[in-house]
Amino acid sequence: MAARRRCRLAALVVLAVGAGGEGAGGEDELLAQLLSTFAAARLPGVHEVPIALVPLAGADDGARGGGLARVGVRFCALRFEEQKRDPPSQPFFADLVAASGCDAAASPPMAAPELLAAVAREHGPLSAHWAQPALVLFHVARCGSTALSNMLAALPGTLVLAEPEHVYEVLAHAQLSAAERALLLRMLAHLAWRGGAARLGAAQAAVAAGSEASAPARALHAHAAHAARVARPAAGLALLGSAGASLVVKLPSNAQLAADDAHAMLARAWPRARWALLTREPAEVMAALLNPPLAPGESRRRALARSSCLRSRAAPGRHVAAVLAGARAAGPVSYTHLTLPTKR
């Protein structure tokens, strides 16, 4: 039993392979319009990676590019070699951005319609053929997903974007059509892969100079190498890092709450991506959420107030409010007559 309780990464389930076919249609028609409208658009430097979305002032739906004209994208040359050398020091995308010396507020944004036109011109007008994530990692809170994404980042040829905020923002963007959101997600993944792949040589050199890494990083590299030999094929992830650069996107644990169609949108945007879900025993998850680490001088009461399972009590989000309202309308639950839903 003790071994079972300590095995935090055992429940890794491959949910789908090629989840969305080749997309729901409409993306390439929109892309063709943008390509004809923005004939002179150019891409940023090859090492530049999208790091943030910003609203563009003065743009409206009547502007060239439709709703996308209101979306700007900021770029930075991310130092994936530093992430490779010491993944635990940069567990999240925001940490990678900060460690790369990027100031998201300083770099001038590029308009999304022009970027899409430039990608289509240089990498082909069929957006479903652009680079897509090899793996999209879903997870519950406090399940060991950060440790897993760090191990994936340590693998040769693997680029990890751990909880990038701009991907969540696209999923939640209510002013964009489904085709616009799908195109934007495809472009963000493709340009992340393009910029990261250009730095893989330096990243692998950093891994080879492992003596500079911290002791936890060296241990993590050893575990990742073992997983590459043993666990990765068993988990259905054998293609990671096996041919050039492989992009892994770890989504926030609340990604499914970004929009009602979040999962359908991800399947539409990245039809070739594998999906995997990392879980943990629910009681252990709740125990971890209700026992957050204390900051210096912080009381347990204050720590609980910022706990992710309690901090929305005062102002629950739209989805949480809908669930609570439905529960109140349904009345008391009879726990002696519960049945499991059947899969359609």
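Everything here concerns the structure above.
What counts, and where the lines are drawn
Going along each chain's sequence as written, the residues are numbered from 1 onward. The predicted origin of the model limits local features to residues at a pLDDT of at least 70 and limits the giving and counting of side-chain atom pairs to 80 or more, whereas totals for whole chains, interfaces and linings rest on all residues. Heavy atoms throughout the structure, all of them, feed into the side-chain values; hydrogens and water do not. Runs of H or I in DSSP of at least four residues are treated as helices and runs of E of at least two as strands, each being numbered from the N terminus. By definition in these notes, contact holds between two residues if any of their heavy atoms fall within 4.5 Å. For each residue, the accessible area found with a 1.4 Å probe, counting protein chains only, is set against the maximum for its type, and the residue is called buried under 20%, exposed over 50%, and partly exposed in between. Strands are treated as partners if at least two bridges between them are detected by DSSP. The angle between two axes is taken between their N-to-C directions and runs from 0 to 180 degrees, where each axis is a line fitted to C-alpha atoms and a helix contributes only its stretch in contact.

**Q** What exactly am I supposed to notice about the environment of Gly 124 here?
**A** Mapped onto the fold, Gly 124 is located in the loop between helix 5 (112–123) and strand 5 (135–139). With near-sequence residues (within four places) excluded, Gly 124 lies in contact with Val 119 and Trp 130.

**Q** I'm lost on the pairing of strand 8 (residues 274–278) in this one. Help?
**A** Two faces make up the sheet, and in a regular strand the side chains alternate between them. In terms of burial, strand 8 is largely enclosed, as 4 of its 5 residues are buried. In the sheet, strand 5 pairs with strand 8 via 5 bridges, with the strands oriented parallel. Bridge pairing in strand 8 places Leu 135 opposite Arg 274.

**Q** Just checking my understanding: could you explain the pairing of strand 7 (residues 246–250) for this structure?
**A** The buried fraction of strand 7 is high, at 5 of 5 residues. One ladder, built from 3 bridges, connects strand 5 with strand 7; its direction is parallel. Residue pairing across strands places Leu 135 opposite Val 248, the latter belonging to strand 7. One ladder, built from 5 bridges, connects strand 6 (residues 158–162) with strand 7; its direction is parallel. Bridged to Leu 161 within strand 7 is Val 249.

**Q** What am I meant to see in the sheet that holds strand 3 (residues 71–77) here?
**A** In sheet architecture, strand pairing relies on hydrogen bonds along the backbone and comes in two forms, parallel and antiparallel. With antiparallel pairing, the 3 strands of this open sheet are ordered in space as 2-3-4. Of all the strands in the sheet, just strand 2 (48–55) and strand 4 (110–111) have a single pairing partner and so form its edges. Pairing geometry for strand 3 and strand 4, over 2 bridges, is antiparallel. Across the sheet, Val 73 pairs through a bridge with Met 110, a residue of strand 4. Packed on one face of the sheet, helix 8 (residues 178–197) meets strand 2 and strand 3 and runs near 145° to strand 2.

This is a description of form; function is not addressed.
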